[in-house]
Every structure is written in structure tokens, then in C-alpha cells.
Amino acid sequence: MADTHPSTTNESDDATDEPTRRDDLRWAAMGGVAAGVIGFGGMVVVGTASAFEARRLLDAVLPTVRFAASAYVAGGATILALMLTLITFSISHDMDFRRSHYRRIQEISMMTTAVIVSSVMLLMFLSFPLGEADVERGWYLWVYYAILLGGSVTGGIFISTILMLFYAVRGLIGVGQDPEESSIVITDPDGDEAGT
């Protein structure tokens, strides 16, 4: 079995895949930003609040944000488990993968960790008895918009992570279809995979 550790590949091997990986990362970031802006903008347009309405709107939005944050934690945990499986596949397979393949796995894992951490923090914030606080009405307005912002930012990060995962899967499908043409597999000049 060939040594497929990412440090065994040289920098020139990544030249063909690096622009694609950067483009994929850029598209994933734009998708996440767009989702966050649309999510926050939609919630703000539908629920533009005055200080008098903020507590009622806060009570209405809390269950939805709790559900979404819980779903992001569960989805993130699943994605991290899939990344461990993908690392095992990549290391134990008899093909040599480019360093950019491992970087992509690392980026997805970091984004997934950010989703889980931000979702858990949001859930911790939502566990406070916000509706029972004895404060002036303007406070509810700030809390309402902070929760909307936190929910939309977390959703945007999750969308970016899912898009990055999609691009990684697309690259792996290319390996399954034709390893010699795949941009994430190192091939030797004879057209064979480097590990065979």
C-alpha cells in the first residue's frame, strides 16, 4: 500500500486543483453570506419590531431558532463523523491524493466545528428566561434582533459548510468515475495512479 500522507506530495502536484478548490471555497462563502443576509433580511422585514412588539415577536421566534440551532448541532456532528470516515478512506486507499484534498477536509471540519460551537452558544443564550426578564421594553428589541442575527449567521455558516461538502463529494465522484482524470488524485506521467 502506498504512503498517502498529505506531506508526501509536493507543491507542484496541487497546481491543478488549487484554483478549483479556491473557487469552490469562494462560492461556498458567497452562498453562506447570501443565506445569512436573506435569512436576517426576511425575518426583519416580516417582523420589524417596535419596542412594544418586541417581546411578543421574541416569544414567537424563540421556538424556531431553538429548533434550527439544534438541527445545526446534529447536522454538524454528522458531518464531522463523515469527515473522519473520509480521512480513513483517503489514507487507506491505494491512490495518492493531492494535498488540496486534505486541506478541503480540514476546511470542512473547521467550518463544521464553527457551526456546532456557534449553535451551542446560541442554544445556551436561548436557555435564559428571556421573556421573564423585568427590564424596560427597549431591551427586548435588542435581544430580538440579536437572536435573529445569531440565527441567520449560524444558518449562513451551515449553508457554507454544506456547499463545501458538496464540492468535496463532487471531487470524490470524479475519482470513482475516472481516477486518471480526477484533479484530486496524483497520477504519474504514464497515466497510472501514483499508488498503483
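Everything that follows concerns the structure shown earlier in this document.
These remarks concern the structure in this document. Just so we're clear, the structure is a prediction, and the values are computed from it rather than from any experiment. (Residues numbered from 1 in each chain as written. Predicted model: local features only at pLDDT ≥ 70, side-chain atom pairs only at ≥ 80, totals over all residues. Heavy atoms only, no water.)

Let's talk about the nonpolar core
(1) Moving on: Among the nonpolar cores identified, the biggest contains 14 residues, and Leu58, Val65, Leu126, Tyr144 and Ile147 are the most heavily contacted of them.
(2) Moving on: Contributions of two or more residues to this core are made by helix H2 (54-92), helix H3 (99-126) and helix H4 (137-177).
(3) Moving on: The leading source of residues in this core is H2, at seven residues.
(4) Moving on: Core analysis: the second largest hydrophobic core is formed by 13 residues, Tyr72, Ile79, Phe158 and Leu165 among them. (Core = buried A, V, L, I, M, F, W, Y, C linked by side-chain atoms within 4.5 Å. Buried < 20%, exposed > 50% of the residue type's maximum accessible area, 1.4 Å probe, protein only. Helix = DSSP H or I, 4+ residues; strand = E, 2+ residues; numbered from the N terminus.)

What about the pattern of salt bridges?
Close approach of charged atoms allows side chains of opposite charge to pair.
(1) Moving on: Taken as a whole and judged by the stated rule, the model has three salt bridges.
(2) Moving on: A salt bridge links Asp23 to Arg26, with the shortest nitrogen-to-oxygen separation between them at 2.9 Å. Of this pair, Asp23 and Arg26 both sit in helix H1 (residues 18-46), three residues apart, roughly one helical turn.
(3) Moving on: For Arg26, a relative accessible area of 48% puts it in the partly exposed group.
(4) Moving on: Asp24 serves as the salt-bridge partner of Arg104, at 3.0 Å between the closest nitrogen and oxygen. Taken together, the positions of Arg104 in helix H3 and Asp24 in helix H1 put the pair 80 residues apart, joining distant regions of the chain. Asp24 shares its class with Arg104; the two are buried. (Salt bridge = Lys/Arg side-chain N within 4 Å of Asp/Glu carboxyl O.)

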